[in-house]
Amino acid sequence: MCVTAVESRPAGVVLTPSPGGHRPFGARVKAYVALTKPRIIELLLITTVPVMFLAEQGVPNLWLVLATCFGGYLSAGGANALNMYIDRDIDALMDRTSQRPLVTGVLTPREGLVFGLSLAVISTLWFGLLVNWLSAALSLGALLFYVVVYTMILKRRTAQNIVWGGIAGCLPVLIGWSAVTDSMSWAAIILFLVIFFWTPPHYWPLSMKVKEDYARAGVPMLPVLASNKVVAKQIVAYSWVMVAVSLLLTPLGYTGWFYTAVALLTGGWWLWEAHGLLNRAKAGATGAKLKEMRLFHWSITYVSLLFVAVAVDPFLR
């Protein structure tokens, strides 16, 4: 989500508002919302709510769903705000992040830091007092993992950043299950692993598209360090494991025919697209001919359809 810059600036320059500078109230509200990265949070909630239906084996308590979603938004929003605070230097160097509010100067770094920390505290208390303390611990763990392990340690040091850093994005699955049951199960762990193996082949196609941005900022995403062919091979490998793991729910008795059918159809199409990307990479396709964003866009559709099936399946068994 982008926020309009308050003034033009040279590339790579982070603007800091002057103490007496005029910053319209509406623009600042939009900037605070932008700090939470709402588009990303939508995807996290798509993986949280259906798991609650599976855990309940029916319709979960509506208040519990709303409380979990709101707490999840606060927690993920705090993590995203702190991510932008830490990464504001490299965000200024990348075209796709150069309009973020801490780069443009709509908000000060201090405002971003205070906002992120406040959301972290409020979300943890919200989960603990209104959902349960297991969900609160998982929520805080996800936030700390994203901010400390991914943003501060992995992102600028290793091409495996998105692989292990993606664990933070898997934890909403466990939060959804624990919100209903106040416990864990193999079903939740399997869906956690689906998202774990989904994250690299979801994100690497986008990284292939914007690898010059990452190279300019000195972020060692895999497409910056390896050829398209190597990246595509990794995408295919993770894709096969992801699809295989997604099919474990049924033999273990957690889902029935509907989920299985959806997992097979959507997983099969995913593998078709992944192998198509690999074939184009092997043929030396570059630029628009590589069509790497086809897999990126399908990855969002895939995870949405798969988790809708998770929610619907209990009603068809």
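Residues numbered from 1 in each chain as written. Predicted model: local features only at pLDDT ≥ 70, side-chain atom pairs only at ≥ 80, totals over all residues. Heavy atoms only, no water.

Let us now look at the overall build of the protein chain. Within the protein chain one finds 15 helices and zero strands. The C-alpha radius of gyration of the protein chain comes to 20 Å, within 12% of the 20 Å expected for a compact globule of 317 residues. For the C-alpha atoms alone, the extent of the protein chain along its principal axes is close to 65 × 55 × 30 Å. Looking at the protein chain as a whole, 56% of its 317 residues qualify as buried. Residue pairs at least 24 apart in sequence account for 77% of intrachain contacts in the protein chain once pairs closer than 6 positions are excluded. Taken as two groups, the 24 positive and 14 negative side-chain charges of the protein chain have centres that lie 6 Å from each other. (Helix = DSSP H or I, 4+ residues; strand = E, 2+ residues; numbered from the N terminus. Rg over C-alpha atoms; globule rule 2.2 N^0.38 Å. Buried < 20%, exposed > 50% of the residue type's maximum accessible area, 1.4 Å probe, protein only. Contact = heavy atoms within 4.5 Å. Lys, Arg positive; Asp, Glu negative; His and termini not counted. Charge placed at Lys NZ, Arg CZ, Asp CG, Glu CD.)

Viewed as axis vectors pointing N to C, helix H1 (residues 25-35) and helix H3 (residues 62-86) meet at an angle of 100 degrees, and their least axial separation amounts to 7 Å. If you check the angle between H1 and H3, you find them roughly perpendicular. In contact with Val33, Ala34 and Leu35 of H1, H3 contributes Tyr73, Gly77, Asn80, Ala81 and Met84. When grouped by side-chain class, the residues that make up the contact of H1 with H3 number six nonpolar, two polar and no charged. (Axes fitted to C-alpha atoms, helices over the stretch in contact; angles between N-to-C directions. Parallel < 35°, antiparallel > 145°, perpendicular 65-115°, else oblique. Nonpolar A, V, L, I, M, F, W, Y, C, P; charged D, E, K, R; others polar.)

This next bit is on the packing of helix H2 (residues 38-56) against helix H9 (residues 167-181). One can describe the packing of H2 onto H9 by two numbers: an axis separation of 8 Å at closest approach and a directional angle of 30 degrees. For H2 against H9, the interelement crossing comes out right-handed. Residues Leu44, Thr47, Thr48, Val51, Met52, Leu54, Ala55 and Glu56 of H2 lie in contact with H9, whose contacting residues are Gly169, Pro172, Val173, Gly176, Trp177, Ala179, Val180 and Thr181. Of the residues contributing to the contact of H2 with H9, the split by class is 10 nonpolar, five polar and one charged. (Left-handed = near helix turned anticlockwise from the far one by under 90°.)

A complete count under the given rule lists seven salt bridges for this structure. We note a salt bridge from Asp87 to Lys155, for which the minimum N-O separation is 2.7 Å. Placement of the pair is Asp87 in the loop between H3 and helix H4 (88-91) and Lys155 in the loop between helix H7 (133-154) and helix H8 (161-165), with a sequence separation of 68 residues. A salt bridge links Glu273 to Arg294; the shortest N-O distance between them is 2.9 Å. Taken together, the positions of Glu273 in helix H14 (residues 257-282) and Arg294 in helix H15 (residues 292-312) put the pair 21 residues apart, joining distant regions of the chain. Residue classification places Glu273 among the buried positions, given a relative accessible area of 6%. (Salt bridge = Lys/Arg side-chain N within 4 Å of Asp/Glu carboxyl O.)

Take H7 next. Along an α-helix, a turn takes 3.6 residues, which lines up residues three or four apart on a common side. The largest bend in H7 amounts to roughly 30 degrees and is located at Phe145. For H7, the complete set of buried residues consists of Ser135, Ala136, Leu138, Ser139, Ala142, Leu143, Tyr146, Val147, Tyr150, Thr151 and Leu154. Each element contacted by the buried residues of H7 is listed here: H3, helix H6 (109-130), H8 and H9. The N-terminus of H7 is capped by Asn132, whose side-chain oxygen sits 3.3 Å from the backbone nitrogen of Leu134. (Bend = angle between axes of the 7 residues up to and from the residue. Polar contact = N/O pair within 3.5 Å; in protein donor to acceptor, adjacent residues only side chain to side chain.)

Across the protein chain, pLDDT averages 92, with 93% of residues at or above 70. This model gives residues 1-11 a pLDDT under 50, and the stretch forms 24 contacts once residues within four places in sequence are excluded. (pLDDT = per-residue confidence, 0-100.)

Take the side chain of Asp313 next. Here Asp313 lies in the segment after H15. Beyond its immediate chain neighbours, meaning those up to four positions away, Asp313 contacts Thr255, Gly256, Trp257, Phe258 and Tyr259.

Further remarks concern the state of the cysteines. Counting across every chain of the model gives zero disulfides. Cys69 forms no disulfide, and the closest cysteine sulfur to it belongs to Cys170, at a distance of 18 Å. Judged by its relative accessible area of 16%, Cys69 is buried. (Disulfide = S-S within 2.5 Å.)

Taken together, the side chains of Leu62, Trp63, Leu66, Val121, Leu125, Leu129, Leu130 and Trp133 make up a nonpolar region of the molecular surface, amounting to roughly 880 Å² of accessible area. It is H6 that provides the largest number of residues to the nonpolar patch, a total of four residues. You can see Trp63 is positioned in helix H3. (Patch = residues over 30% accessible without salt bridge, like charges linked within 9 Å, V, L, I, M, F, W, Y side chains within 5 Å. Areas by Shrake-Rupley, 256 points an atom, 1.4 Å probe, with all protein chains shown as cover.)

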